[in-house]
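Each chain, written out:
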Amino acid sequence: MSLLKQTEFKKVSRPDKTHRKPRIGVSAPSPEPLSANRIIHGDCLAALAQIPGGSIDLVFADPPYNLQLAGDLLRPNDTRVDGVDQAWDKFASFAEYDQFSRAWLAEVQRVLKPNGALWVIGSDHNIFRVGAALQDLGFWIQNDVVWRKTNPMPNFRGKRFTNAHETMIWAARDQKAKPTFNYEAMKAFNDDLQMRSDWLIPICSGPERLRDDGGRKAHPTQKPEALLHRVILSSSKPGDVVLDPFFGTGTTGAVAKRLGRQWIGIERDADYVAAATERIGRVVALGPDALETARSKRSEPRVAFGQIIELGILEPGTKLWDERGRVWAEVRADGTLLLATAAATKRARDSTQQSGSIHRLGAEVQGKTACNGWTFWHFQVDGMLKPIDVLRDQAKRQLGIRHS
Ligand SMILES: C[S@@+](CC[C@H](N)C(=O)[O-])C[C@H]1O[C@@H](n2cnc3c(N)ncnc32)[C@H](O)[C@@H]1O
């Protein structure tokens, strides 16, 4: 009989919630072809073993924190703080927690595509242990990102600093991997400033917080959608498969669906599965226009200067100048430039190099070893000099690489 129940928005039966000792090295049946947009109801080690190797683009994991809480935490008015005291968060020792971490991380590494990546979130209770385990396995850390909470829970006893952040580790599958990073999109998101590694985001509250019929939190550690929005937007593409092996109430699935990604969740608790199923069913995916992310120039196909001539955007014989109009050269049919010696600088006159690519000749006339010819050389339009770089967009539109 299968160890797993797979559900596609179906109510499922209630499982035994006592913490079972993690089954390390579960012997798995041979994996089936990947099927996405579903919750796998079961233990993550057994469920991961059924996912084909190299099939997942991005993993977001919010594992048990192993909080080791000793007794109730009370507010100054003696009310009990609704913390995490569930069986799923309890481990007998650090050694058992480490063994469990290494087991699920190894499975995650197996299911990731060669350029896939993992985000894992944790607190001081577990993140250092998880970080060491993932480095030992060969994951390659890209960043650690601090989620700074705008509205953290106070430190009621006044014995320590207010714990106001959690840490996320973003790691590539291995050192060779080139994980997706939507740099330009993140910069545009951040008002044209590079996105930093400290994110100020409120904890999940208000209508976003799922509650049961009695008004109690459906899950003690439901993460804010804003956090997942930034994670998924920054490091995946529309259509990618995002997997969360500790799905809880399905925050990852809800955001992934909204952002046009495919998703797979694994969760052991039937109540959480039911809450996530209902929640994701309500999510409406955004359309392709809303999902188009700003792309870096580097990720677009290159346009060579020769294509600017080939496409008739500049005619052979056109004159190009440096920014101040002191040096000029003529464009040739093959995309090289011929320096106009009469106007050339002394350095260029003395040199043997009188023609070459926009980059080579640009460097030559400045006496440098390298030059970006696209920004050095200018063409004249309406009596003004403009860098030839602006012609690349026109070429991309003509070539159908970019839409205006
Ligand atoms: C920290 S919570 C994740 C909360 C989730 N990010 C959300 O926003 O709702 C961890 C979840 O992992 C589940 N879990 C713990 N151990 C598991 C295991 N071995 N296999 C599958 N799920 C597990 C717990 O039931 C819990 O819902």
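Coordinates for the structure precede this section.
Keep in mind that what you see is a predicted model, and the values were worked out from it rather than measured.

A short note on the overall build of the chain
- Counting its regular elements, the chain contains 13 helices and 15 strands.
- By residue count, 45% of the 404 residues in the chain fall in the buried class.
- For the chain, restricting intrachain contacts to residue pairs at least 6 apart in sequence, the fraction spanning at least 24 positions comes to 66%.

Quick notes on the site of the ligand
- For the ligand, the set of nearby residues contains 21 residues, the closest of which are Asp62, His219, Thr249, Thr251 and Glu267.
- Here a nitrogen atom of the ligand sits 2.7 Å away from a polar atom, N or O, in the side chain of Asp62.
- With respect to the ligand, the side chain of Glu267 contributes an N or O atom lying 2.6 Å from an oxygen atom.
- Bound to the protein, the ligand loses 98% of the 600 Å² it would expose on its own.
- Partitioned by chemical class, the residues of the shell around the ligand number 9 nonpolar, 7 polar and 5 charged.

Quick notes on helix α3 (residues 127-136)
- Where α3 is concerned, the buried positions are Ile127, Val130, Gly131, Ala133 and Leu134. All buried residues of α3 lie within an arc of 165° about the axis, which places them on one face of the element. Away from its buried face by more than 90 degrees, α3 exposes Phe128 and Asp136.
- Phi turns positive one or two residues past the end of α3, at Gly138, with a value near 100°.

Re the nonpolar core
- In this structure, Leu48, Ile51, Ile56, Trp104, Leu118, Leu134 and Leu243 are the most contacted members of the largest nonpolar core, which totals 33 residues.
- Residues within four places of Ile56 in sequence aside, it is in contact with Leu34, Ile51, Val111, Leu112, Lys113, Gly116, Val241, Leu243 and Ile264.
- Ranked by size, the runner-up nonpolar core spans 32 residues in total, among them Ala117, Phe247, Ala256 and Val273.

Structural notes on the environment of Leu311
- The topology assignment puts Leu311 in the loop between α9 (305-310) and β10 (319-321).
- For Leu311, a relative accessible area of 28% corresponds to the partly exposed category.
- Leu311 sits 84 residues away from Ala395 along the chain, and the two C-alpha atoms are 7.3 Å apart.
- The contact partners of Leu311, leaving out residues within four places of it in the chain, are Ala395, Gln398 and Leu399.

Quick look at the side chain of Ser235
- By the element assignment, Ser235 lies in helix α5 (residues 225-235).
- Here the side chain of Ser235 touches Trp119 through a polar contact of 2.9 Å, side chain to side chain.
- Residues in contact with Ser235, not counting those within four places in the same chain, are Leu58, Trp119, Trp170, Thr180 and Asn182.

A few points about the pairing of strand β4 (residues 112-122)
- For β4, a buried count of 8 out of 11 residues is recorded, marking the element as mostly surrounded by other parts of the structure.
- Across 5 bridges, the pairing between strand β3 (residues 56-61) and β4 is parallel. Paired with Leu58 across the two strands is Ala117, which belongs to β4.
- Judged from the 6 bridges that link them, β4 and strand β6 (residues 165-172) form a sheet pairing that is antiparallel. Bridging from a neighbouring strand, Ala117 pairs with Ala172 of β6.

Some thoughts on helix α6 (residues 251-258)
- In terms of burial, α6 is largely enclosed, as 6 of its 8 residues are buried.
- Taken together, the buried positions of α6 are Thr251, Thr252, Gly253, Ala254, Val255 and Ala256.
- Buried residues belonging to α6 abut β3, α5, β8 (241-244), β9 (262-267) and α7 (270-282).
- Gly260, located one to two residues past α6, shows a positive phi value of around 70°.

Side note on the pattern of salt bridges
- Counted by the stated rule, this structure contains 13 salt bridges.
- A salt bridge links Arg173 to Asp174; the shortest N-O distance between them is 3.5 Å.
- Residue Arg173 is classed as partly exposed on the basis of its relative accessible area of 21%.
- The shortest N-O distance in the salt bridge between Arg392 and Asp389 comes to 2.7 Å.
- We classify Asp389 as buried; its relative accessible area is 18%.
- Within this structure, Glu225, Arg258 and Arg279 form a network of salt bridges that share partners.

So, how was this worked out
Residues numbered from 1 in each chain as written. Predicted model: local features only at pLDDT ≥ 70, side-chain atom pairs only at ≥ 80, totals over all residues. Heavy atoms only, no water. Helix = DSSP H or I, 4+ residues; strand = E, 2+ residues; numbered from the N terminus. Buried < 20%, exposed > 50% of the residue type's maximum accessible area, 1.4 Å probe, protein only. Contact = heavy atoms within 4.5 Å. Near = heavy atom within 4 Å. Polar contact = N/O pair within 3.5 Å; in protein donor to acceptor, adjacent residues only side chain to side chain. Areas by Shrake-Rupley, 256 points an atom, 1.4 Å probe, with all protein chains shown as cover. Nonpolar A, V, L, I, M, F, W, Y, C, P; charged D, E, K, R; others polar. Arc of directions from axis to C-beta. Core = buried A, V, L, I, M, F, W, Y, C linked by side-chain atoms within 4.5 Å. Pairing = 2+ DSSP bridges. Salt bridge = Lys/Arg side-chain N within 4 Å of Asp/Glu carboxyl O.

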